[in-house]
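# Coordinates in review
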Amino acid sequence: MTELDRSFNEERRTIVLRNILFGGRAPQPTSPAPPVSRPAARPPRRHALAAATLALVVAGLGLVVPASGAAGAAPADIAPAAVQRAKVAQAALSPDVAPAAEAAPAAVSRLGTSGNKIVNAAGTPVQLRGVSVLAPRHNAECPECHPRPISDVIDMTVSDGWQSDVVRLPVTVWGSLSVEDNVAQYVDPYVQQAVDLGIYIIVDLHYVSDYGSTGVPQSTVAEFWDYVAPLYADVPNVIYEVFNEPVAPASWATWKAYIQPVVDDIRAVAPDTLLLMGGPQWSTYVNQAAADPIAGNDIAYVYHLYPNQGDATAANLDAKFGNAAQQIPVILTEFGWNPPGEFSDPTVTQGTTSGWGIPLRQYLDARPHISWTAWIFDNYWKPQMFDHDWNLLGGEHQGAMIKAWLADQPYASPCADHAAVGATAVASSSNSATTGAAKAVDGDCTNAGRWLSAAGDTTPTLTITLDAPTVVDQVDVYSGFIGGGSVNVLRDFTVEVHTSAGWQQAGAFDDNTLGLVSVSGPAAAVDQVRLVITDPSNYTPDVARVFEVAVRAG
């Protein structure tokens with residue numbers, strides 16, 4: 001970098017900081033605000049009320065912890081109640097005081113790390129929780145999705161019951177724009193907005209690619225951070241995610257040699273900014289990072305988690321990132337799920353709230369030293385939280401549960417409470433003694449709670465007898481394998497119901513690829529439900545894999 005370049009960058013940095021901290025105005029005197037960790041509530045619009053109408057209330061609020069044995073215990077050195085949050089609360093206005101048009105930015109505390117935790121300036125452990133938004137450069141790729149300005153979407157993440165502490169902003173760099181123009185259009189406005197809202201923002205260099213000689217050159221990553229790192233070095237709201245998902249070479253030593261000089265350059269101009277460090281194989285190498293960390297201060301390590309990596313059990317998640325998180329700071333900057341169908345991709349993100357989302361929540365709530373941002377607060381990129389018309393996706397889709405989670409509100413498993421839980425179930429066959437028919441009505445939609453038919457049973461049949469005749473509004477059939485794809489779900493089958501008039505077909509499915517299908521119940525009371533399967537799956541072994549047959553009373 002030449003002296004002229006340094007001079008230009010310093011001038012640009014001064015302008016950016018002035019705009020961010022003072023909205024382009026001359027700085028006004030403000031009273032110092034107490035440090036904040038996790039904001040629990042936010043003003044419902046971009047601009048807060050005048051400084052005189054705001055109060056920062058620091059509260060130590062406990063997080064939801066599952067019952068003993070639900071998902072493993074938290075490490076002994078940190079209890080959920082030790083993670084503090086800060087509320088931005090509106091002070092009462094006297095009748096003769098009107099809110100001002102603009103407000104001083106809500107203060108946040110500079111974040112760093114201590115041991116295996118992210119901490120605020122006071123040294124208090126902080127659990128960041130929030131969402132990723134769409135990369136702004138891709139906001140018009142789906143015209144039928146009714147795209148909204150990214151600024152409006154970020155406003156949504158802290159309004160209408162959403163309580164994000166942090167927004168992750170993917171920054172894609174391919175195309176004809178220079179780094180300077182890319183930042184001016186697709187980063188600066190949203191950093192300003194995060195300061196206005198009093199939340200953190202992760203500037204995420206969003207490559208999904210190989211690195212080094214077979215992929216993104218080190219010089220390209222360095223060019224981005226040489227420009228961006230000094231711009232926001234003095235803005236405590238900003239966090240840097242250095243490289244979203246390096247893929248190959250699948251070697252931590254190779255990756256460390258590639259990225260260490262970039263980190264060193266960032267630290268030379270942004271000595272105190274929290275850095276988030278991914279790793280090879282789509283940012284899944286935190287175990288290797290724990291054994292051989294990147295040199296430097298205030299670095300947290302990134303893990304990306306999806307249902308294709310298996311069940312959200314304590315044993316599986318400990319092995320992937322939980323054990324490492326007892327040694328180094330870990331943040332999940334991506335995770336998400338949706339049932340097989342239009343809102344999920346064919347292999348990676350297929351899962352349900354009952355079978356994957358809720359166990360993951362229990363695991364992370366018991367480990368508040370692990371921060372997270374859910375993927376993705378969008379109506380197009382998968383697995384999205386909204387349909388194309390911006391209606392929140394609920395039930396077995398992730399949107400409604402993520403919203404409840406951010407607000408520390410409970411969210412019950414949709415498959416756990418229905419009229420057939422505990423009913424008598426008889427199957428034509430079972431794969432083993434631990435996968436019998438009763439598993440299809442046990443309220444458990446994890447892999448451990450499935451009925452599996454025996455190999456060689458070409459027409460597996462399951463009959464459920466309800467405790468009493470019941471008016472049935474809907475029957476939901478959950479099938480497949482968490483961590484697999486659509487090939488594992490039931491292919492050809494019918495759902496039948498029995499009334500006083502006898503058996504009748506409620507629905508038929510051919511070449512099914514969905515992990516959750518629903519049929520309507522009849523007008524009359526139902527005493528039995530039957531599943532008749534003529535093609536168990538598109539997978540070997542070719543057996544029926546049924547999480548649950550949920551009977552919804554009318």
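Everything that follows concerns the structure shown earlier in this document.
Residues numbered from 1 in each chain as written. Predicted model: local features only at pLDDT ≥ 70, side-chain atom pairs only at ≥ 80, totals over all residues. Heavy atoms only, no water.

## Re the overall build of the chain
Selection rule: For the purposes of this entry, the term helix denotes a DSSP run of H or I that reaches at least four residues, the term strand denotes a run of E that reaches at least two, and both are numbered from the N terminus. The cut-offs for exposure are 20% and 50% of the maximum accessible area for each residue type, with area from a 1.4 Å probe on protein chains only; residues under the lower value are buried, those over the upper are exposed, and the others partly exposed.
In terms of regular secondary structure, the chain is built from 11 helices and 23 strands. In the chain, which comprises 554 residues, the share counted as buried stands at 56%.

## Side note on the packing of aromatic side chains
The following threshold applies: Paired rings are identified among Phe, Tyr and Trp, the last through its six-membered ring, by centres lying within 6.5 Å, and are further divided according to the angle between planes into stacked (under 30 degrees), edge-to-face (over 60) and tilted (the rest).
Going through the model one piece at a time under the given rule, you end up with 20 aromatic pairs. Pairing Trp375 with Trp381 gives two aromatic rings, centres 6.1 Å apart and planes at 35°, and the pair type is tilted. Ring plane angle 20° and centroid distance 4.9 Å describe the contact between Phe493 and Phe509, whose orientation is recorded as stacked. In this pair, Phe493 sits in strand S19 (residues 492-499) while Phe509 sits in strand S20 (residues 502-509), placing the two residues 16 residues apart along the sequence.

## Overview of the packing of helix H5 (residues 218-231) against helix H6 (residues 252-269)
Test applied: Angles here are taken between N-to-C directions and fall from 0 to 180 degrees, while the axes themselves are lines fitted to C-alpha atoms, restricted in helices to the stretch in contact. Note that the term roughly parallel is reserved for angles under 35 degrees, roughly antiparallel for angles over 145, roughly perpendicular for angles of 65 to 115, and oblique for everything else. It is the rotation of the near helix from the far one that decides the hand of a crossing: anticlockwise by less than a right angle makes it left-handed, clockwise makes it right-handed. For this analysis, residues touch if any pair of their heavy atoms sits within 4.5 Å. The nonpolar class holds Ala, Val, Leu, Ile, Met, Phe, Trp, Tyr, Cys and Pro. Asp, Glu, Lys and Arg form the charged class, and all remaining residues, Gly among them, are polar.
One can describe the packing of H5 onto H6 by two numbers: an axis separation of 9 Å at closest approach and a directional angle of 15°. Viewed along their axes, H5 and H6 adopt a mutual orientation that is roughly parallel. When you trace H5 past H6, the crossing you get is right-handed. Contacts between H5 and H6 involve Gln218, Val221, Ala222, Trp225, Asp226, Ala229 and Pro230 from the former and Ala257, Tyr258, Ile259, Pro261, Val262, Asp265, Ile266 and Val269 from the latter. A class-by-class count of the residues in the contact of H5 with H6 yields 12 nonpolar, 1 polar and 2 charged.

## Description of helix H4 (residues 188-197)
Of all 10 residues that make up H4, 9 are buried, and the element is covered over most of its length. Positive phi appears at Gly198, one or two residues downstream of H4, with a value of about 75°.

## Things to note about the side chain of Ser344
Inspection of the secondary structure assignment puts Ser344 in the loop between strand S14 (330-335) and helix H10 (353-365). Judged by relative accessible area, which is 6%, Ser344 ranks as buried. Ignoring anything within four residues of it in the chain, the contact list for Ser344 reads Asn338, Pro339, Thr349, Gln350 and Lys382.

## Focus: the pairing of strand S8 (residues 200-205)
Filter applied, for reference: A strand pair is defined by DSSP finding two or more bridges across the two strands.
With 6 of its 6 residues buried, S8 lies for the most part within the structure. Side chains of S8 alternate between two faces, with Tyr200, Ile202 and Asp204 and Ile201, Val203 and Leu205 buried alike. Inspection of the sheet shows S8 paired to strand S10 (residues 238-241) by 4 bridges, in the parallel sense. Following the sheet pairing, Ile202 is matched in S10 by Ile239.

## Some thoughts on the environment of Ala550
On the secondary structure map, Ala550 appears in strand S23 (residues 545-553). Residue classification places Ala550 among the buried positions, given a relative accessible area of 0%. Ala550 sits 75 residues away from Val475 along the chain, and the two C-alpha atoms are 5.7 Å apart. Beyond its immediate stretch of four places on either side in the chain, Ala550 contacts His418, Gln474, Val475, Asp476 and Tyr478.

## Here's the deal with the nonpolar core
Note the following rule: Only buried residues count toward a nonpolar core, which is a set of Ala, Val, Leu, Ile, Met, Phe, Trp, Tyr and Cys residues joined through side-chain atoms within 4.5 Å.
If you look at the biggest cluster of nonpolar residues, it comprises 99 residues, and the most contacted ones within it are Trp225, Tyr240 and Phe321. Sorting elements by how many residues they give to this core places H5 first, with 8 residues. Ignoring sequence-local partners within four residues, the contact set of Tyr240 consists of Val203, Trp225, Val228, Ala229, Tyr232, Ala233, Ile266, Ala270, Thr273, Leu274, Leu275 and Leu276. Ala423, Phe493, Val549 and Val551 belong to the second-largest nonpolar core, a separate cluster that totals 28 residues.

## Things to note about the environment of Thr461
Selection criterion: In protein, a polar contact means a hydrogen-donor-capable atom and an acceptor-capable atom, both N or O and within 3.5 Å, with residues adjacent in sequence counting only if both atoms are side-chain atoms; elsewhere, any N or O pair within 3.5 Å suffices.
With respect to the helices and strands, the residue Thr461 is situated in strand S18 (residues 461-479). Along the backbone, Thr461 and Ala437 are 24 residues apart, and their C-alpha atoms lie at a distance of 9.7 Å. When near neighbours in sequence (up to four residues on either side) are disregarded, Thr461 contacts Val426, Ala427, Ser428, Trp451, Arg530, Leu531 and Val532. Here Thr459 takes part through its backbone oxygen, which lies 3.2 Å from a polar atom of the side chain of Thr461.

## Thoughts on the state of the cysteines
As used in these notes, a disulfide is a covalent bond between sulfur atoms, one from each of two cysteines. The line we're drawing: The disulfide criterion is simple: two cysteine sulfur atoms within 2.5 Å.
The tally for this structure, following the rule as stated, stands at 2 disulfides. Put simply, Cys142 and Cys145 are joined by a disulfide, and their sulfur atoms are 1.9 Å apart. Taking the sign of the S-S torsion, 60° for the link of Cys142 and Cys145, the bridge is right-handed. There is a disulfide in this structure between Cys415 and Cys445, and the S-S distance comes to 2.4 Å.

## Here's the deal with the sheet that holds S14
Whenever strands of a sheet pair, they do so through backbone hydrogen bonds, lying parallel or antiparallel. Reading around the circumference, S6-S7-S8-S10-S12-S13-S14-S15 is the order of the 8 strands in this closed barrel, with parallel pairing throughout. Within the sheet, the average angular offset between the axes of one strand and its neighbour, ignoring direction, is 25°. The sheet strands contacting H6 are S10, strand S12 (275-277) and strand S13 (299-305), and the helix crosses S12 at an angle near 170°. In this fold helix H9 (residues 314-322) packs onto S13 and S14, with an angle of close to 140° to the strand it touches most, S13.

## So, the pattern of salt bridges
Note the threshold: Any Lys or Arg side-chain nitrogen located within 4 Å of an Asp or Glu carboxyl oxygen qualifies as a salt bridge.
As enumerated under the stated definition, the model contains 12 salt bridges in all. As a salt-bridge pair, Asp365 and Arg129 come within 3.9 Å of each other at their nearest N and O atoms. With a gap of 236 residues between them, Asp365 in helix H10 and Arg129 in strand S6 (residues 129-132) connect regions that are remote in the sequence. Judged by its relative accessible area of 2%, Asp365 falls in the buried class.

## Concerning H6
The α-helix advances 3.6 residues per turn, and as a result positions three or four apart in sequence lie on the same side. Operational definition: Each residue after the first adds 1.5 Å to the expected span of a helix. What is called the bend at a residue is the angle between a pair of axes, fitted to the seven residues leading up to and ending at it and to the seven starting from it.
Taking 1.5 Å per residue as the helical rise, H6 with its 18 residues ought to reach 26 Å, and the 25 Å between its terminal C-alpha atoms agrees with that figure. Of all the bends in H6, the largest measures some 35° and sits at Ile259, one to four residues before the proline Pro261. All buried positions along H6 are accounted for by Trp252, Trp255, Lys256, Tyr258, Ile259, Gln260, Val262, Val263, Ile266 and Arg267.

## Comments concerning unusual backbone geometry
Residue Pro383 is reached from Lys382 by a cis peptide bond, and omega for that bond is -5°. By the secondary structure assignment, Pro383 is in the loop between strand S15 (371-374) and helix H11 (399-406). The omega angle of the peptide bond from Thr540 to Pro541 is 5°, so this bond is cis rather than trans. Take Pro541: it is sitting in the loop between strand S22 (525-535) and S23. Of note in the backbone geometry, Asp160 takes a positive phi value of approximately 55° without being a glycine. With respect to the helices, strands and loops of the structure, Asp160 is situated in the loop between helix H2 (150-156) and strand S7 (166-171). Judged by relative accessible area, Asp160 falls into the exposed class, the value being 64%. Of note, the phi angle at Trp282 is positive, near 60°, even though the residue is not glycine. Relative to the assigned elements, Trp282 resides in helix H7 (residues 280-283).

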